[in-house]
Amino acid sequence: MQARDETHERLLLELAELRQRVAELEASDEDRRRAEDALEQERHLLRTVIDNLPDYIYVKDAQSRFVAANAAVARVMGQAAPSLLVGKTDQDFYPKDLAAKFRRDEQRVLSTGEPLINEDEHLVDANGKQSVVLTTKVPLRDAQGNIVGLVGIGRDITARKQVEEALRRAHAELEARVAERTGELARANEELKREMADRERARQVLRDSEALYSSLVENLPVHVLRKDRAGRFEFANRSFCELVGKPLAEIVGKTDFDLYPVELAQKFRDDDLGVMESGQLFETVEENRQDGDSRQMQVMKSPVRDAADRIIGVQVVFWDVTERTQAVAALQRERYLLHSLMDNLPHNIYFKDVSSRFLRINRAMATAFGLTDAADALGKTDADFFTQEHARQAMADEQDILRTGQPVLDKEEKETWPDGHVTWASTTKMPLRDEAGRIVGTFGISRDITDWKQATEALRQAKEAAEAANRAKSTFLANMSHEIRTPLNAVIGMTELVLSTPLAPQQKEFLTAVRDSGEALLSVINDILDFSKIEAGRIVLDRAPFDLWESLGDTTKSFAFRAHTQGLELAFHIDPDVPRLVLGDYGRLRQIIVNLIGNALKFTERGEVVLTVRRESSVGDDVVLHFTVADTGIGIPRDKQVTVFEVFEQVDSSLRRRHGGTGLGLTISSRLVELMGGRIWVESELGQGSRFHFTVRLAVAGEAGTPGYRFEAPELHGLPVLVVDDNATNRRILDEVLRAWGMLPTLAAGAEAAWERMQQALLAGEPFRLVLTDAHMPDIDGFSLVEQIKADARLSRTVVVMLTSGDHPEDGQRCQKLGIAAYLLKPVKQSELLESIERSLGLTVSARDEAEPKAAATPPARQLHILLAEDSLVNQKLAVALLERCGHVVTVVNNGREALAATERQEFDLVLMDVQMPEMDGYEATQAIRMRERQSDRHLPIIAVTAHALKGDDTRCLAAGMDAYVSKPISAAELYRAIETTVPLDGTD
């Protein structure tokens, strides 16, 4: 009984021990179940990583605290679940400096409303490992448009490495724990067999998990592959196999060089080697071109490590991001355009609600308001920034818009600010409507026009100042003209008077030099005055009819003596289709031609100077004429040809010293050509001469504007004529002119050739009836040729017209002795040549030419008693000499006051009144005389004789009551004509 009790007690003890062991086994089983739950959680985390690949998405509030995040963000923060991030900030996960940097970026997004797009962020995790995340942060707004937080989107492939590393460590830990638990069970009792079975089931679950992972990878819409260190494919998912068109069996063991072109495969290999060498994630977007289609691929390559953390290969994931890239780019463009429009326009842009409170303003307006952040204006009105004066008016305008729906366009507003300053703006305001078309506010754009307003006021003041300066300039020019022309008048006039008296040769030479120097100085003064008038815009072109052919001939002939003295040929030619009578300002046209011919003669030492005129085009009743002045002079360097028309510009300093001049002639010509509707240019080569071209537009004077001389006399039609001249240009011009008149010219380059032509004509029975010959030719001159002609009885009826030079006064006597019918000074006008041929051949002179008016040269009808008011003693003597030469009686006074007193004491037939005199000038004296005459019927003729020669001076003289105007230096002929036209010839008043 005792033994049985002892046995029973022992069994109870063993049963208790057995129960304890069972409890321990049950606890072990609980640990196993927890391991299985952890494994299931890890599988779920792995699915989440795959499902959310590859972006991190999170939401933060205005204090940069996490409000929500996806699993990817939880992983990068080292948290098990996104909910663990809520309420925390970056300072809970990153170093202080890095977290502070993130906060600054986010606060800038929150304060400015401008997103942070594709910003590279350099991260350091808790282990000190660096990575790079491509981040976009955009402001998050509530329904009212207020910024309440931000949304972040990031991509960091480093997270994938961390997940893989975590999985590896978890797997190793699980293996260690299983092994430890197995040993404990084996040492404990035979229950370890059942634990091993449980472990096998756990492994089966892991294999199932791996199978699930493989299934997921196989069905992912991305291309996944793995390579070893040699670049051989170890794994590729179904998507990649379909992409390359090969099954997995044909891919495994192959390399990129077996699938792609060598160049592309080498790039892939270099990228792989870079990943394996650096151990860093490689991410890029590559362009994939196939069959002409371009696609964008997002590529991520990361190293594959073994259990010993050795890099044993590369894992590659890539997918098509073309649509997403295009959509992001389009969104970025639209956002960029919107923000660029709002924030980069220099004008103020704003939106207001129905209470005229600001809903949004742009950066320019924030700057105008003195705000660092445009958001600070939200909810405020104009009254918070402007004075009440402007704010009330602005609100009234906006309320009208809200009531009527009618916009305010380009309203000029005066903006008054609290600090007292004033600005001006041009404002357009429009109604702001919602999607249903209801007016919910206003919006507008305001352009600052303060500078324009100030500029307008400054322009008005500048205009007044310019007008005052222009008046001062005109006065100065008038004074300068008077002060310079007055002594020049005496110099030139007295010199001409003395030259008309008997003088010794040396005295005549000296006085001629004095006169020529005075005229040269006068030319310089005229250039300066003309340029000043052009610069002041005071040149007004006349529009009067003139004979272009005759005028050009007279102008060219005025250079004849100078050209012949230099040994140069001077010629001019007008095309037959150029109209004869035109409307325009020949004075200014002559000024251009005189300038160009004068320059050509100045810079030409040998050869010729030729003026040609041709019709370039016709526009209605106008004609555009092309003038060319060509010379055989020194030429102009190419780099100087563009500057010769500039002010005070000459070819170079050496020429300026050699030839002199003001440098204004071509400038004046250029400006005059522009005023006449044309252009001017030059063609030249050094040593080859120059060709100055210009065009002008003139009106044709009705029927008189038909082309030049058209000879109608049948007696000259078919008349053979011999032209003898050693200059080819002269021969060509004469040939064209004579043929236009219906004559038959034969050309000879010298006397010998001319004699040969005449002998041939005699033998043919058709001798020349007319010979036109140059007087001065090399070898045998024209006079010797005439002597041969006169000595041959067979040629006794030949009529000879001699063309001679102005520097040989003895030529006239020789022509008379030889019985030459006529001699003409070269260059010959066509009218002169035609008349000479007609008279020499005994034909009637053209009635057209006979009908042309001739200049009057009638001497004074009677002696006059003339009062001369002149303050210059020298000019007094000159004027007295000119007047007394015509038999007039002259009384001289020194100023306007004396002139007024003299006219009160006695009667005069005429007053020559200087304008600028001391005590009382000519204007005042004339006005005083005219006021006195109002009480009588008498009118005293007054002629202004003055050095004032600017445009408008003549009008001013006439407005003061003067009857005529003569400028200094006085031209005797001009003075006589003025007297003849002013004083009645019969002596009546």
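Preceding this section is the structure that the text describes.
Computed from a prediction, not measured in an experiment: that's the story for all the values here.

Definitions and limits used
Residues numbered from 1 in each chain as written. Predicted model: local features only at pLDDT ≥ 70, side-chain atom pairs only at ≥ 80, totals over all residues. Heavy atoms only, no water. Helix = DSSP H or I, 4+ residues; strand = E, 2+ residues; numbered from the N terminus. Buried < 20%, exposed > 50% of the residue type's maximum accessible area, 1.4 Å probe, protein only. Contact = heavy atoms within 4.5 Å. Areas by Shrake-Rupley, 256 points an atom, 1.4 Å probe, with all protein chains shown as cover. Salt bridge = Lys/Arg side-chain N within 4 Å of Asp/Glu carboxyl O. Pairing = 2+ DSSP bridges. Phe/Tyr/Trp six-rings, centres within 6.5 Å; stacked < 30°, edge-to-face > 60°. Lys NZ or Arg CZ within 6 Å of the ring centre and 35° of its normal. 1 Å grid on protein atoms, 1.4 Å probe; cavity = no way out; pocket = protein on both sides within 12 Å on 5 of 7 lines; lining within 4 Å. Points joined across faces, edges and corners; volume = space filled by probe spheres on them. Nonpolar A, V, L, I, M, F, W, Y, C, P; charged D, E, K, R; others polar. Axes fitted to C-alpha atoms, helices over the stretch in contact; angles between N-to-C directions.

1. Considering the overall build of the protein
Now for step 1: Scanning the protein from terminus to terminus reveals 29 helices and 32 strands.
Now for step 2: A burial count over the protein gives 44% of its 989 residues as buried.
Now for step 3: For the protein, restricting intrachain contacts to residue pairs at least 6 apart in sequence, the fraction spanning at least 24 positions comes to 59%.
Now for step 4: A total of about 52,000 Å² of accessible surface is found on the protein, and carbon and sulfur atoms cover 53% of it.

2. Observations concerning the pattern of salt bridges
Now for step 1: Enumeration over the complete set of coordinates arrives at 39 salt bridges.
Now for step 2: In this structure, K453 engages E412 in a salt bridge whose closest nitrogen and oxygen atoms are separated by 3.0 Å. With K453 in helix 12 (residues 450–499) and E412 in strand 13 (residues 408–416), the pair connects residues that are 41 residues apart, well separated along the chain.
Now for step 3: The exposure class assigned to K453 is partly exposed, which follows from its relative accessible area of 26%.
Now for step 4: In this structure, E835 engages R839 in a salt bridge whose closest nitrogen and oxygen atoms are separated by 2.9 Å.

3. What about the pairing of strand 2 (residues 66–69)?
Now for step 1: Where strand 1 (residues 55–61) and strand 2 come together, 3 bridges link them in antiparallel fashion. Bridge pairing in strand 2 places Y58 opposite A69.
Now for step 2: As consecutive antiparallel partners, strand 1 and strand 2 are separated by 4 residues, and within that stretch S64 has a phi angle of approximately 65°, a positive value.

4. What to know about the environment of E907
Now for step 1: Its location among the elements puts E907 in the loop between helix 26 (896–905) and strand 30 (910–913).
Now for step 2: For the pair E907 and L940, spaced 33 residues apart in the sequence, the C-alpha separation amounts to 8.7 Å.
Now for step 3: Residues in contact with E907, not counting those within four places in the same chain, are H865 and R938.

5. Quick notes on the pairing of strand 21 (residues 680–685)
Now for step 1: Strand direction decides the pairing type here: strand 21 and strand 22 (residues 689–700), joined by 6 bridges, are antiparallel. Bridge pairing in strand 22 links E683 to R691.
Now for step 2: Hairpin connection, strand 21 to strand 22: the antiparallel pair is bridged by 3 residues, and G687 has positive phi, about 80°.

6. With respect to the packing of aromatic side chains
Now for step 1: One pass over the structure, following the stated rule, counts 16 aromatic pairs.
Now for step 2: Ring plane angle 90° and centroid distance 5.5 Å describe the contact between Y94 and F102, whose orientation is recorded as edge-to-face. Both residues of the pair, Y94 and F102, belong to the buried class.
Now for step 3: Relative to W417, the ring of F369 has its centre 6.4 Å away and its plane inclined at 65°; by these criteria the two rings are edge-to-face. With a gap of 48 residues between them, F369 in helix 10 (residues 363–369) and W417 in the loop between strand 13 and strand 14 (422–433) connect regions that are remote in the sequence.
Now for step 4: F369 gets classed as buried once you look at its relative accessible area, which sits at 10%.
Now for step 5: One aromatic cluster in this structure is built from Y350, F358, F369, F385, F386 and W417.
Now for step 6: When the ring centre of F783 is taken as origin, the NZ or CZ atom of R814, which lies over that ring, is 4.0 Å away.

7. Overview of empty space enclosed by the protein
Now for step 1: One pass over the full model with this rule turns up 13 cavities of 30 Å³ or more.
Now for step 2: Its volume calculated, the largest cavity comes out at about 210 Å³.
Now for step 3: Taken together, 17 residues form the lining of the largest cavity, with F572, I733, L734, P827 and V828 sitting closest to its centre.
Now for step 4: Elements with a contribution of two residues or more to the lining of the largest cavity: strand 17 (569–574), helix 19 (728–740) and helix 23 (830–840).
Now for step 5: It is strand 17 that contributes the most residues to the lining of the largest cavity, 5 residues altogether.
Now for step 6: Per-class residue counts for the lining of the largest cavity are 11 nonpolar, 3 polar and 3 charged.
Now for step 7: By volume, the second largest cavity is sized at about 170 Å³.
Now for step 8: What lines the second largest cavity is a set of 17 residues, and nearest its centre among them are Y58, M77, Y94, E121 and L123.
Now for step 9: Among the secondary structure elements, those contributing two or more residues to the lining of the second largest cavity are strand 1, helix 2 (71–76), helix 3 (96–112), strand 3 (116–124) and strand 4 (130–141).
Now for step 10: Residues belonging to the lining of the second largest cavity are distributed by class as follows: 10 nonpolar, 2 polar and 5 charged.

8. Section: the sheet that holds strand 28 (residues 865–869)
Now for step 1: Spatially, 5 strands are ordered 29-28-30-31-32 in an open sheet, and the strand pairing comes out parallel. Every interior strand has two partners, whereas the edge strands, strand 29 (889–893) and strand 32 (964–967), have only one. The sheet shows a mean angle of 20° between the axes of neighbouring strands, direction not considered.
Now for step 2: Where strand 30 and strand 31 (residues 942–946) come together, 3 bridges link them in parallel fashion. Across the sheet, the residue bridging to V911 is I942, located in strand 31.
Now for step 3: Where helix 26 meets the sheet, its contacts fall on strand 28, strand 29 and strand 30, and the angle it forms with strand 28 comes to roughly 160°.
Now for step 4: Strands strand 30 and strand 31 of the sheet are contacted by helix 27 (residues 922–933), whose axis makes an angle of about 155° with strand 30.

9. Considerations on the sheet that holds strand 5 (residues 147–155)
Now for step 1: In space, the 5 strands of this open sheet follow the order 2-1-5-4-3, with antiparallel pairing throughout. Two strands close off the open sheet at either side, each with one partner strand: strand 2 and strand 3. Sheet twist, expressed as the mean angle between neighbouring strand axes with direction ignored, is 30°.
Now for step 2: Note that strand 1 and strand 5 share 7 bridges and pair antiparallel. Residue pairing for strand 5: I57 is matched across the bridge by I153.
Now for step 3: In the packing of helix 3 onto the sheet, the strands contacted are strand 1, strand 3, strand 4 and strand 5, and the crossing angle to strand 3 comes to about 165°.

Bear in mind that shape data such as this cannot, by itself, settle questions of function.
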